[in-house]
Amino acid sequence: MSMIDPIIEESWKILLWDEFQSGYFRELKQFLVEERQKFTVYPPGPLIFNAFTHTPFETVKVVILGQDPYHGKGQAHGLCFSVPEKMAQPPSLVNIFKEIHEDIGTPIPGSGNLERWADQGVLLLNATLTVRANQAGSHQNRGWEQFTGHIIRLISERKNHVVFLLWGRYAQAKEYLIDTSRHLILKAAHPSPFSAHNGFFGCRHFSKTNQYLKKYGIEPIQW
């Protein structure tokens, strides 16, 4: 079989090469080929690994873990919780911006594009990197979770003093992959309107993240 050579930022390609050649990833790639023949799949192919493009391995300071890409037209661009310029902000993102404003006073931005975070070292990682249009969760349990779990473990093992923001039960289920003696885990309810009042609002994760980074001499994030 030919090698899989995905278009992904070079530092990640080197780290993940064995994963790309593995049996489960080949099956995942075949699944995606078949899905695209029958359905619209988000994000577009060139943006599947967009989080890695903006946040090379050596720059990772913070990991925010999402679940699925947005499944509406034009929303997903490979960064969890983020939407492209001029796209309406989804409710969870609105709540994230509200919490940042309450926590550190940053004005609520007009744009929901979080590339500016990613370019500072915030890895905006969905557990599942693709989705069928208008069908949330449609690409779960096809191999993406194994792939992204491996990424979390790699960051835990090969870096120090990374902040992991785990919002909601789904993200918190990944906690076992992280060495808590070397990294900071901050947990809260998911910022969705269904759960944000159960502990996301008031979590102050953004100031806590920056306090931790500064403690270790790491440049804080301009949220």
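Given the structure is predicted, the values throughout are model-derived calculations rather than measurements. (Residues numbered from 1 in each chain as written. Predicted model: local features only at pLDDT ≥ 70, side-chain atom pairs only at ≥ 80, totals over all residues. Heavy atoms only, no water.)

1. Considerations on the state of the cysteines
Cut-off, in case you're wondering: Here, the term disulfide refers to a pair of cysteine sulfur atoms separated by no more than 2.5 Å.
One pass over the full model with this rule turns up 0 disulfides. Here Cys203 is not cross-linked by a disulfide; its sulfur's nearest cysteine counterpart is in Cys80, at 14 Å.

2. Notes on helix 8 (residues 205-215)
Structural remark: α-helix, 3.6 residues per turn; residues separated by three or four positions point the same way. Definition in use: Relative accessibility thresholds used throughout: buried, under 20% of the residue-type maximum; exposed, over 50%; partly exposed, between the two (1.4 Å probe, protein chains only). A run of DSSP states H or I qualifies as a helix once it reaches four residues; a run of E qualifies as a strand once it reaches two. Both are numbered from the N-terminal end. Contacts between residues were defined by any pair of non-hydrogen atoms, one from each residue, lying within 4.5 Å.
For helix 8, the complete set of buried residues consists of His205, Phe206, Ser207, Thr209, Asn210, Tyr212 and Leu213. Contact partners of the buried residues in helix 8: strand 2 (62-66), helix 4 (91-104), helix 5 (115-118), strand 5 (163-167) and strand 6 (184-188). Looking one or two places after helix 8, you find Gly217, whose phi comes out positive at around 75°.

3. With respect to the sheet that holds strand 2
Under the convention used in this document: When DSSP finds two or more bridges between two strands, those strands count as paired. In this analysis an axis means a line fitted to C-alpha atoms, helices contributing only their contacting stretch, and an angle means the value between N-to-C directions, from 0 to 180 degrees.
Spatially, the 4 strands line up as an open sheet ordered 3-2-5-6, and their pairing is parallel. Bordering the open sheet on either side are strand 3 (122-126) and strand 6, each of which pairs with just one other strand. Along the sheet, successive strands turn relative to each other by an average axial angle of 20°, direction set aside. Here 5 bridges tie strand 5 to strand 6, and the two strands are oriented parallel to one another. The residue of strand 6 that forms the bridge with Trp167 is Ala188. Sheet strands in contact with helix 6 (residues 144-158) are strand 2, strand 3 and strand 5, and its direction is about 155° off that of strand 3.

4. Thoughts on helix 6
Filter applied, for reference: A helix is expected to span 1.5 Å for every residue after the first.
Helix length check: helix 6 (15 residues) gives 21 Å between terminal C-alpha atoms against 21 Å at 1.5 Å per residue, within 8%. Along helix 6, the positions that sit buried rather than exposed are Trp144, Glu145, Phe147, Thr148, Gly149, Ile151, Ile152, Leu154, Ile155 and Ser156.

5. Considerations on the nonpolar core
Definition in use: Take the buried Ala, Val, Leu, Ile, Met, Phe, Trp, Tyr and Cys residues and link them wherever side-chain atoms come within 4.5 Å; each set so joined is a nonpolar core.
In terms of nonpolar packing, the biggest core is built from 69 residues, with Trp12, Ile64 and Trp117 touching the most fellow members. In contact with Trp117, other than residues within four places in its own chain, are Ile64, Ile96, Phe97, Ile100, Val122, Leu124, Phe206, Gln222 and Trp223.

6. A few points about the side chain of Lys61
Selection rule: Here the positive residues are Lys and Arg and the negative ones are Asp and Glu; neither His nor the chain ends is included. Any carboxyl oxygen of Asp or Glu within 4 Å of a side-chain nitrogen of Lys or Arg constitutes a salt bridge here.
Residue placement: Lys61 occurs in the loop between helix 3 (50-54) and strand 2. Among buried charged residues, Lys61 stands out as having no salt bridge; its nearest opposite-charge side chain is Glu219, 6.1 Å away. Contact partners of Lys61, with chain neighbours within four places excluded, come to Gln120, Gly121, His161, Val162, Val163, Leu213, Ile218, Glu219, Pro220 and Ile221.

7. Notes on the environment of Leu154
Inspection of the secondary structure assignment puts Leu154 in helix 6. By relative accessible area, which is 5% here, Leu154 ends up buried. Here the alpha-carbon distance between Leu154 and Leu177, two residues 23 residues apart in the chain, equals 9.0 Å. Excluding residues within four positions of it along the chain, Leu154 makes contact with Leu15, Leu16, Phe57 and Lys159.

8. Regarding the packing of helix 1 (residues 10-20) against helix 6
The cut-off we apply is this: In these notes the angle categories are as follows: under 35 degrees is roughly parallel, over 145 is roughly antiparallel, 65 to 115 is roughly perpendicular, and the rest is oblique. Take the far helix as your reference; a near helix turned counterclockwise from it by less than a right angle gives a left-handed crossing, and one turned clockwise gives a right-handed crossing. Charged means Asp, Glu, Lys or Arg here, nonpolar means Ala, Val, Leu, Ile, Met, Phe, Trp, Tyr, Cys or Pro, and polar covers whatever is left, Gly included.
Look at helix 1 against helix 6: their axes get within 11 Å of each other, and the N-to-C directions meet at 135°. Put simply, helix 1 runs oblique to helix 6. Pair helix 1 / helix 6 crosses with right-handed handedness. Two secondary-structure elements touch here, helix 1 through Trp12, Leu15, Leu16, Glu19 and Phe20 and helix 6 through Phe147, His150, Ile151, Leu154, Ile155 and Arg158. A breakdown of the residues in the contact of helix 1 with helix 6 according to their chemical character gives 8 nonpolar, 1 polar and 2 charged.

9. A word on the environment of Glu58
Tracing the backbone through its elements, the reader meets Glu58 in the loop between helix 3 and strand 2. Judged by relative accessible area, Glu58 falls into the exposed class, the value being 54%. Along the chain, Glu58 and Lys159 lie 101 residues apart, while their C-alpha atoms are 8.5 Å from each other. For Glu58, the residues in contact, after removing those within four places along its chain, are Ser11 and Lys159.

10. Observations regarding the side chain of Asn50
Condition: Any pair of N or O atoms that falls within 3.5 Å is considered a polar contact. Within protein, one atom must be able to donate a hydrogen and the other to accept it, and sequence-neighbouring residues count only if both atoms are side-chain atoms.
Mapped onto the secondary structure, Asn50 falls in helix 3. With relative accessibility at 6%, the residue Asn50 sits in the buried group. Side-chain polar atoms of Asn50 contact the backbone oxygen of His77, separated by 2.6 Å. Excluding residues within four positions of it along the chain, Asn50 makes contact with His77, Gly78, Leu79 and Glu115.

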